[in-house]
Every structure is written in C-alpha cells, then in structure tokens.
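For reference, the chains in residue letters:
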Amino acid sequence: MLVKEYSHRIYSYSLNFSGSRQFAEEATQEAFFRIFKSIDRIEANPKIFELYLYKTAKNICIDNYRKHKGEHIVEEQDFMIPKWDPDYATKELVWRALNSLPQEERNLMIMREIEGLSYEEIATMENIPLGTLKSRLNRIKIKLAEILQKLEKRG
Amino acid sequence: MQDIREEILLFMEEGRQKEAEALAAGSREATEFFEAQKLLNATLPELRVPLTPDSLLRKIEFRLIEETLKAEEEPTFAEKLRLWLRPMASLSLPLFLVGAGVLLILLKSNQSRVNYYAYKVKSRVVYLLDRASSAKDILVFFFDKNSDKVSETIIKKDKNVKKEEEKRWQVKSDKNPRVLLCSFPSYRA
C-alpha cells in the first residue's frame, strides 16, 4: 500500500523540517490526503509520486511555519534520537546544527543529506537550475560544518 | 580558505577521501573543516526516522478510507437532475420540455444507489460498501474495536452476504457511516 511504502520518508522529512512531532504527523496525514484528492492528475511513476509527496509535505510544513509567525518550534529531540543510542551525543549535536539553519537551507540539506534525494530530483522539485542548486548546497554544507565546529568547541 | 573548503567538499562528494584528507592537512582550519564534514556525512543520514508510528499509519488509512467512501458517493437523483437541467435553461420551452422528459426517463432507468452495509462478525464490526451490484469480490476492511486495528480481506459477495442481512444492517448513505469498507475497481468482477 502506498501509505506504508512512503509514509516513513514523508514523516521523517516533516519531522526534521519542522522539529515537531505533532506538525510532522499533521503534515504527513495532510500530504497523503491532498495526494489522494488529486491522484488522477499525478503521473503513475513511483519517483514522480514520491517527489510530489515531498513537495506537498514541504508546502504544508511551510504553511504551518508561517501560521506560527515564523517561530521555529523544536521539541525535545529524544523522540528522534533515543538516549540509549551509542551515538546520541554526536547525533544530537548534528541535529542542533541542522536546526539552526534557516528554513530553506535546512529543507535542502534534509532532502539531500538525510532523505538522499539526487541533485536532479531536488532541482526539479525546487524548480531551480542544477548548477545553482549544487553551489547553494556547497555553501550550506560549509556553513553547517562551521556551525558544528562552533557547537563542538562550546561543548 | 573558501576555495580549499570547496575543493575538499568536491573530493568528498566524489568519494576521494584520501585526496580530501591530503588537501585538508595543509592547515588547521581546513583539517577541522574536513573532520566536521566527515562527521556530518556520517551522521546526517542516521537522522532519518526509520519508522512511522503505527498510530499515524492508522490515522492516515482511516482518513483515506473515509475519503474513498465520500468519493464513491454518487449525487442524488435531484442533484443529477439539477446538474443536467442547468444547460437547458437557455432552450425554448418546447425543446426544454422534450429534453427534460428524455432526461427523466434516462436518469430513472440508470439510477444506481450507494448502499452501505454494516455487519457484525463475532467481536468485530465490519462495514461494507457495495456500490456495484455486479461485484463478485469485495475488499472489506475489518475494524476490531478491542484492539483498534484495521485489517483487510477479500470476500466473495455471494457467499458471505445474505439479502435479509443486507436489509437489516443497511445504513442510510446520508448518515455518514462510521466507515470502513469499500470496494475498489480492481477487485470488481
């Protein structure tokens, strides 16, 4: 079933994007609901379907973000990284660094580095030229590494 | 420094770790950047949430089933008539009357109803939507009240559904049935 196949990726994306379990659940539900309503208009190609889902989830997350007056809601990250995880400290640090990025930059990093989408897929989704995307992502990666270095120094 | 970082990133993306390392060894800042980048590359994919909570899956499935039922509902006879008559408003009276008469006959003969049926099977409650009377195989969703779980199965309509039960458990379509069952085109004969 489509929901079982794709829900964890959309949930993961929304959770990392919003930093809130509640938002992520709402966004995942709503994304499937909207897709369901326009299923006739979507090409019967799994990759396109997946990208469409991501795009829909992203739009919902952004709407939510705006509704809360740009306030960046980040809950406790324990729900994402269990405390018994041997790499908890590292993951928590990286998660904090990621969440300190502006929304659009965080979105690109999540799609590329966490969800593993290709440059081509992201460029299609975001409607930006491939070269622009690559250089933008490079800049974001440098910025993220800098943030991480700072966080590590602070301990 | 910016150039070195970009080159390090490029090497790393191409999987040329040793070259990236060699380049980073030139300065302390570049080494730190290389190490941070290595950490990010290793850790970011780990932040993907592996599973969706069961409760969320259930919510999505319920909502989609509800929507399927709504989508399957056909307009009432009166709504159909109104829809068909609207473009005829610009016609002259005799033409309008003839057209309306023909439409009435057509609609009456083709009128199909959406029926929802609810069945109690042991401890479970089953809701069944039977839209196509010609359907032989029907996908049925079972809702287990005790465990709050939804399961699905295909039943042979003729073997499992008796006429008298249909009448007994029929739920009017305008009462927004509590859901759970629907037949899909792929399961129709």
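Source: prediction; values computed, not measured. Counting from 1, residues in each chain are numbered in the order their sequence is written. The order in which chains are written sets their letters, starting at A; the order in which ligands are written sets their numbers, starting at 1. Restriction of local features to residues with pLDDT of at least 70 applies here, the model being predicted, together with a cutoff of 80 or more for giving and counting side-chain atom pairs; totals for whole chains, interfaces and linings are based on all residues.

K.L.:
Tell me about the overall build of chain B, and please be specific about residues and values.
P.N.:
Counting from the N terminus, the helices are the DSSP runs of H or I reaching at least four residues and the strands are the DSSP runs of E reaching at least two. For chain B, the count of helices and strands is eight helices and five strands. When the helices and strands of chain B are placed in sequence order, the string is α-α-α-α-α-α-β-β-β-β-α-α-β. Counting all 189 residues of chain B, 17% fall into the buried class. Note that contacts rest on C-beta atoms placed from the backbone: two residues are in contact if these are within 7 Å. Sequence separation of 24 or more characterises 54% of the internal contacts of chain B that already satisfy a separation of 6 or more. For the exposure call, what matters is how many other C-beta atoms sit within 10 Å of a residue's own: 20 or more marks it buried, 12 or fewer exposed, and in between partly exposed, using C-beta atoms placed from the backbone.

K.L.:
So what about the overall build of chain A? Which residues, and what values?
P.N.:
Tallying secondary structure elements over chain A gives seven helices and zero strands in all. Put simply, chain A runs from its N terminus to its C terminus through helices and strands in the order α-α-α-α-α-α-α. The buried share of chain A, taken over its 155 residues, is 35%. Within chain A, residue pairs in contact and separated by at least 24 positions form 61% of the contacts whose partners lie at least 6 positions apart.

K.L.:
Account for the interface of chain A and chain B, with residues named and values stated.
P.N.:
In this complex, chain A contributes 30 residues to the contact, which on the side of chain B involves 27 residues. For the side of chain A that touches chain B, the secondary structure elements donating two or more residues are α1 (2–18), α2 (21–37), α4 (88–99), α5 (103–114) and α7 (130–154) of chain A. Examining the composition of the side of chain A that touches chain B, we find that eight residues originate from one element, α1(A), more than from any other. When its residues are assigned to classes, the side of chain A that touches chain B shows 14 nonpolar, 10 polar and six charged. Note that Gly is not counted as nonpolar here; it falls among the polar residues with everything else outside the nonpolar set of Ala, Val, Leu, Ile, Met, Phe, Trp, Tyr, Cys and Pro and the charged set of Asp, Glu, Lys and Arg.

K.L.:
Tell me about the nonpolar core, residues and numbers included.
P.N.:
By definition, a nonpolar core groups buried Ala, Val, Leu, Ile, Met, Phe, Trp, Tyr and Cys residues that connect through C-beta atoms lying within 7 Å of each other. Ile10(A), Ala31(A), Ala57(A), Val94(A), Leu144(A) and Leu148(A) are the most contacted members of the largest nonpolar core, which totals 47 residues. The biggest single contributor to this core is α1(A), with seven residues. Excluding anything up to four places from it in sequence, Val94(A) contacts Leu148(A), Leu39(B), Leu40(B), Thr43(B), Leu44(B) and Leu47(B).

K.L.:
Quick rundown of the packing of α4(A) against helix α3 (residues 28–43) of chain B? Include the residues and the values.
P.N.:
To get an axis, fit a line to the C-alpha atoms, keeping to the stretch in contact for a helix; angles then go from 0 to 180 degrees between the N-to-C directions. Packing of α4(A) against α3(B) leaves a shortest axis separation of 10 Å and a crossing angle of 100 degrees. Comparing the axis directions of α4(A) and α3(B) gives the class roughly perpendicular. Every residue of α3(B) that contacts α4(A) at Thr90(A), Lys91(A) and Val94(A) is listed here: Leu39(B), Leu40(B) and Thr43(B). Looking at side-chain class alone, the contact of α4(A) with α3(B) contains three nonpolar, two polar and one charged residues. Should an angle lie under 35 degrees it is considered roughly parallel, over 145 roughly antiparallel, and from 65 to 115 roughly perpendicular; all remaining angles are considered oblique.

K.L.:
Give a detailed account of the packing of α7(A) against α3(B), specifying residues and quantitative values.
P.N.:
For the pair α7(A) and α3(B), interaxial distance at closest approach is 9 Å and the crossing angle is 100 degrees. Taken together, the axes of α7(A) and α3(B) lie roughly perpendicular to each other. Facing α7(A), whose interface residues are Lys141(A), Leu144(A), Ala145(A), Leu148(A) and Gln149(A), α3(B) presents Glu32(B), Phe33(B), Ala36(B), Gln37(B), Leu39(B) and Leu40(B). A class-by-class count of the residues in the contact of α7(A) with α3(B) yields seven nonpolar, two polar and two charged.

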